[in-house]
Amino acid sequence: MGIRSRWYRWPSERLPPTVVEIIIAPSLLACSHARFGAGAARAGRAGADWLHLDIMDGHFVPNISFGPQVVRAVRPLTKLFFDVHLMCSKPGILLEAFAKAGADEMIIHIELADQLPSLIQIIKSLGKKVGLAVNPPTAVEPFLHQIDLLLVMTVNPGFGGQEFIRDCLTKIQQAATWRRERNLSYRISVDGGINDETGADCARAGADTFVAGTSLFGSHNLKLAVTQLRRCVRLATSR
Ligand code: DX5
Ligand code: ZN
């Protein structure tokens, strides 16, 4: 089956920018590494919208996770949209491999500075969505008109299970203000220490896409955890 013919959720294309649907994206990193396939399938059955896949190169971040072979192996086991987060110093050498392995979106880090214009072009030329991630200490403003998703890191990247950094809420608010003022349509995603409470705080600040590892895969009932997170972030924005 061709990757482009597969159905996946990208709701902002069907909705006006003011009605952005919530996306819940379990992060596979929090799943047992011996059971990635089962975890991916479980996320689909639990009602998640996307699967977030963290790629760490041991250089950009002090940890190593997995590569395109794992993404390719997991791809047939679920129809979820694959949100591939590249925490890598030289993602350019990996983009084609991840595209062929089944990534739907590739997120690169704004800290890569000079590499960004060509990386964005390559991802677009591969027919994939472009995500841009920003670490807690980094400011973001250029490139917003060229991207599909802004990933606001709410921990310093490299490991799951860290504590949410509350200062990042200001950055989410700023990203939402820019999106509104400039009439842009990128999604605002948050990643790191997201649970029902911090997710609700991020939703109030303007986030619409919620990556969560520990709080979802660490739960006994993944389906209930996905439903509950979705309910909490919806409630937070419905007042
Ligand atoms: C951290 C990764 C996250 C991680 C989140 O560097 O980018 O996607 O899996 O894990 P939790 O939700 O446990 O903080
Ligand atoms: Zn991530």
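Model, not experiment: these values are computed from the prediction.

(A) Up close: helix H5 (residues 168-181). When the terminal C-alpha atoms of H5 are compared, their 20 Å separation across 14 residues agrees well with the 20 Å that a helix rising 1.5 Å per residue should span. Along its buried surface, H5 packs onto strand E5 (129-134), strand E6 (149-153), strand E7 (187-191) and helix H6 (196-205). Immediately beyond the C-terminal end of H5, within one or two residues, lies Asn-183, with a positive phi of roughly 55°.

(B) Up close: the site of ligand 1. Ligand 1 sits among 20 residues. The nearest are Ser-27, Asp-54, Asp-191, Gly-213 and Thr-214. Between an oxygen atom of ligand 1 and a side-chain N or O atom of His-85, the distance comes to 3.3 Å. Here an oxygen atom of ligand 1 and a backbone polar atom of Gly-213 are 2.8 Å apart. When isolated, ligand 1 has an accessible area of 380 Å², and the protein chains bury 99% of it.

(C) Structural detail: the state of the cysteines. Under the criterion given, the structure shown has zero disulfides. The thiol sulfur of Cys-202 is not disulfide-bonded, and the nearest other cysteine sulfur, from Cys-168, lies at 8.2 Å. Note on Cys-232: no disulfide assigned, nearest cysteine sulfur contributed by Cys-202 at a separation of 13 Å.

(D) Focus on the packing of aromatic side chains. This structure, assessed with the given rule, holds two aromatic pairs. The ring of Phe-82 is capped by Arg-75, whose NZ or CZ atom sits 3.6 Å from the centre of that ring.

(E) Examining the pattern of salt bridges more closely. Going through the model one piece at a time under the given rule, you end up with eight salt bridges. Salt-bridge contacts for Asp-49 lead to Arg-230; the nearest nitrogen and oxygen are separated by 2.9 Å. Highlighted residues: Asp-49 in the loop between helix H1 (36-45) and strand E2 (50-56) and Arg-230 in helix H8 (residues 222-237), separated in sequence by 181 residues. Exposure remark for Asp-49: the relative accessible area of 4% places this residue in the buried category.

(F) Representation of the sheet that holds strand E4 (residues 105-109) in the model. If you walk across this open sheet you meet the eight strands as E1-E8-E7-E6-E5-E4-E3-E2, and the pairing is parallel. The two strands at the open ends of the sheet, each matched to only one other strand, are strand E1 (23-26) and E2. For this sheet, the mean angle separating the axes of adjacent strands, direction not counted, is 25°. Here strand E3 (residues 81-87) runs beside E4; their pairing, made up of three bridges, is parallel. Across the sheet, the residue bridging to His-85 is Ile-107, located in E4. Its contacts with the sheet place H5 against E5, E6 and E7, and it is angled at close to 170° to E7.

(G) Representation of the coordination of the zinc ion (ligand 2). For the zinc ion (ligand 2), every protein donor is listed as His-52 (NE2), Asp-54 (OD), His-85 (ND1) and Asp-191 (OD), and the spread of their distances is 2.1 to 2.3 Å. For the zinc ion (ligand 2), the six donor atoms in the first shell make angles of 70 to 168° at the metal, so the coordination geometry reads as octahedral. Read N to C, the donor residues that coordinate the zinc ion (ligand 2) are spaced as H-x1-D-x30-H-x105-D. Separated by 31 residues along the polypeptide, Asp-54 in strand E2 and His-85 in strand E3 bring together distant segments of the chain. Like His-85, Asp-54 is buried.

(H) Representation of the pairing of strand E8 (residues 209-212) within the structure. Covered by surrounding structure in E8 are Thr-209 and Val-211 together with Phe-210 and Ala-212, the residues of both alternating faces. Two elements, E1 and E8, share four bridges in a ladder whose sense is parallel. Looking across to E8, one finds that Ile-23 is bridged to Thr-209. Here three bridges tie E7 to E8, and the two strands are oriented parallel to one another. The partner of Asp-191 across the bridge, within E8, is Val-211. In this fold, the crossover linking E7 to E8 by way of H6 has right-handed handedness.

The rules behind the values
Residues numbered from 1 in each chain as written. Chains lettered and ligands numbered in written order. Predicted model: local features only at pLDDT ≥ 70, side-chain atom pairs only at ≥ 80, totals over all residues. Heavy atoms only, no water. Helix = DSSP H or I, 4+ residues; strand = E, 2+ residues; numbered from the N terminus. Expected span 1.5 Å × (residues − 1). Contact = heavy atoms within 4.5 Å. Near = heavy atom within 4 Å. Polar contact = N/O pair within 3.5 Å; in protein donor to acceptor, adjacent residues only side chain to side chain. Areas by Shrake-Rupley, 256 points an atom, 1.4 Å probe, with all protein chains shown as cover. Disulfide = S-S within 2.5 Å. Phe/Tyr/Trp six-rings, centres within 6.5 Å; stacked < 30°, edge-to-face > 60°. Lys NZ or Arg CZ within 6 Å of the ring centre and 35° of its normal. Salt bridge = Lys/Arg side-chain N within 4 Å of Asp/Glu carboxyl O. Buried < 20%, exposed > 50% of the residue type's maximum accessible area, 1.4 Å probe, protein only. Pairing = 2+ DSSP bridges. Axes fitted to C-alpha atoms, helices over the stretch in contact; angles between N-to-C directions. Donors = N, O, S within 2.8 Å, 3.2 Å for Na, K, Ca; no water. Tetrahedral: all angles 85-135°; square planar, octahedral: opposite > 155°, others 65-115°. Right-handed = clockwise from strand over helix to strand, strands pointing away.

The values are spatial; any link to function lies outside them.
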